Amino acid sequence: MESKHSQEKLSAYLDAELDAADRAQVEAHLAGCGECAEALAQLEALRGRVAAEAQRHAAPEYLKHRIHAALRAEPAGTPAPRTPPRTSSRAWPWAWINLGLAGAMTAAFAVTLTLYLGQPNADDRIEQELVASHFRSMMPDHLADVASTDQHTVKPWFAGKLDYSPPVYDLAAQGYALIGGRLDYLQQRPVAALAYRHRLHIVNLYIWPDAGGHASAPQAGMRQGFHLLRWTQDGMRYSAVSDINPQDLAQFAALLRQKVAQADAQ
């Protein structure tokens, strides 16, 4: 058996997908071919690294709903799509291995897999959660668990409900009136959510501890028609979401950052 044909079967061999005759043929070739034995070792190492280091993500709720809806809408008796031939998906990694670029192949495999699965990155996931929470807050009686324009009423309300004390400031004099606060859930932990009103618009501000402890400037984003600003300051992460224009949201963030800096300096 030539090395080229042997290498094309190594992935199937590693996954125990060959019949007895093909498996015996590959094993006999491996016993006398150092090139193919090395290729098999690289493939085993790649599989081990992917198993140990590749990130696994649960499908977000909106994707689950879309899949379920598509399945319900699909006519009965629709034939299942054919599975592509396994040989085509197995052949491409060997070009990298033959060039001795196992590290590059690992990176290419991870990138290709991520793109294929369409999994959101960390920034996408938190922005999805923030916008979803903002949507929920617009439902009746969801905006505030404690409705008050007094920061000295809202801040103590969080005591005992969170393992940290969020900073609370009323910015009514600057055009951003505090409405109240509530508990929310982001990134698998409870967080403080403060609601502000700017003219006819609602601004939701989410605050939770920053594990990294590094201050960062506001990072702007936009998702589903909403503007977002996210930054870290004084050991806390801040995320503001609203449908106001970016300039007004930036002004809100600047005012709040100034308040936090002044409190920290005292």
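Quick summary incoming for the structure in this document. As the structure is a prediction and not an experimental result, all values here were calculated from the model. (Residues numbered from 1 in each chain as written. Predicted model: local features only at pLDDT ≥ 70, side-chain atom pairs only at ≥ 80, totals over all residues. Heavy atoms only, no water.)

Notes on the side chain of Ser 133
Here comes step 1: Position of Ser 133 among the secondary structure elements: in helix H8 (residues 122–137).
Here comes step 2: Apart from the residues lying within four places of it in its own chain, the contact partners of Ser 133 are Arg 182, Asp 184 and Tyr 206. (Helix = DSSP H or I, 4+ residues; strand = E, 2+ residues; numbered from the N terminus. Contact = heavy atoms within 4.5 Å.)

Description of the nonpolar core
Here comes step 1: Among the nonpolar cores identified, the biggest contains 39 residues, and Leu 194, Tyr 196, Leu 205, Tyr 206, Trp 231, Tyr 238 and Phe 252 are the most heavily contacted of them.
Here comes step 2: Listed by contribution, the elements that provide at least two residues to this core are H8, strand S2 (177–186), strand S3 (189–198), strand S4 (201–209), strand S6 (226–233), strand S7 (236–242) and helix H10 (246–265).
Here comes step 3: No other element matches the six residues that H10 contributes to this core.
Here comes step 4: What Phe 252 contacts, discounting residues up to four positions off in sequence, is Leu 171, Tyr 176, Tyr 196, Val 203, Leu 205 and Ala 240.
Here comes step 5: Residues Leu 10, Ala 12, Val 26 and Ala 39 belong to the second largest nonpolar core, which totals 13 residues. (Core = buried A, V, L, I, M, F, W, Y, C linked by side-chain atoms within 4.5 Å. Buried < 20%, exposed > 50% of the residue type's maximum accessible area, 1.4 Å probe, protein only.)

Overview of the sheet that holds S2
Here comes step 1: In spatial order, the strands read S1-S2-S3-S4-S7-S6-S5; together these seven strands make up an open sheet with antiparallel pairing. Because the sheet does not close on itself, it has two edges, and the strands there are strand S1 (146–147) and strand S5 (216–223).
Here comes step 2: As paired elements, S1 and S2 share two bridges and run antiparallel to each other. Within the sheet, the bridge partner assigned to Val 146 lies in S2 and is Gly 181.
Here comes step 3: Here H8 sits on the sheet in contact with S2, S4, S5, S6 and S7, set at roughly 115° to S6.
Here comes step 4: Lying on the sheet, H10 is in contact with S3, S4, S5, S6 and S7; it crosses S6 at an angle near 20°. (Pairing = 2+ DSSP bridges. Axes fitted to C-alpha atoms, helices over the stretch in contact; angles between N-to-C directions.)

Some details on the pattern of salt bridges
Here comes step 1: Tallied over the entire structure, the rule returns eight salt bridges.
Here comes step 2: Arg 23 serves as the salt-bridge partner of Glu 27, at 3.3 Å between the closest nitrogen and oxygen. Residue Glu 27 and its partner Arg 23 are located together in helix H2 (residues 20–32), separated by four residues, close to a single helical turn.
Here comes step 3: Each member of the salt-bridge network shares a partner with another, and the members are Asp 124, Glu 127, Arg 223 and Arg 230. (Salt bridge = Lys/Arg side-chain N within 4 Å of Asp/Glu carboxyl O.)

Quick look at the packing of aromatic side chains
Pairs of aromatic rings are described using the distance from one ring centre to the other and the angle between the two planes.
Here comes step 1: Across all of its chains, the model carries five aromatic pairs by this definition.
Here comes step 2: A centroid spacing of 5.2 Å and a plane angle of 90° characterise the contact between Phe 135 and Phe 226, whose relative ring orientation is edge-to-face. With a gap of 91 residues between them, Phe 135 in helix H8 and Phe 226 in strand S6 connect regions that are remote in the sequence.
Here comes step 3: Owing to a relative accessible area of 12%, Phe 226 belongs among the buried residues under this scheme.
Here comes step 4: Aromatic pair Tyr 176 and Phe 252: ring centres 5.4 Å apart, planes at 50°, arrangement tilted. Highlighted residues: Tyr 176 in the loop between helix H9 (151–157) and S2 and Phe 252 in helix H10, separated in sequence by 76 residues.
Here comes step 5: Within the aromatic cluster, the residues linked to one another by ring pairs are Tyr 176, Tyr 196 and Phe 252. (Phe/Tyr/Trp six-rings, centres within 6.5 Å; stacked < 30°, edge-to-face > 60°.)

What to know about the environment of Pro 166
Here comes step 1: As for its position among the elements, Pro 166 is in the loop between H9 and S2.
Here comes step 2: When the C-alpha positions of Pro 166 and Ile 207 are compared, they lie 6.5 Å apart, and in sequence the two are 41 residues distant.
Here comes step 3: The contacts of Pro 166, once residues within four sequence positions are left out, are Lys 155, Phe 158, Ala 192 and Ile 207.

Focus: H2
Here comes step 1: Over its 13 residues, H2 runs 19 Å from end to end, which matches the ideal 18 Å to within 8%, given 1.5 Å per residue.
Here comes step 2: Burial in H2 covers these residues: Val 26, His 29 and Leu 30. Buried residues in H2, looked at end-on, bunch into an arc of 100°, giving them a common side. Exposed and oriented more than 90 degrees from the buried face of H2 are Ala 20, Ala 21, Ala 28, Ala 31 and Gly 32. (Expected span 1.5 Å × (residues − 1). Arc of directions from axis to C-beta.)

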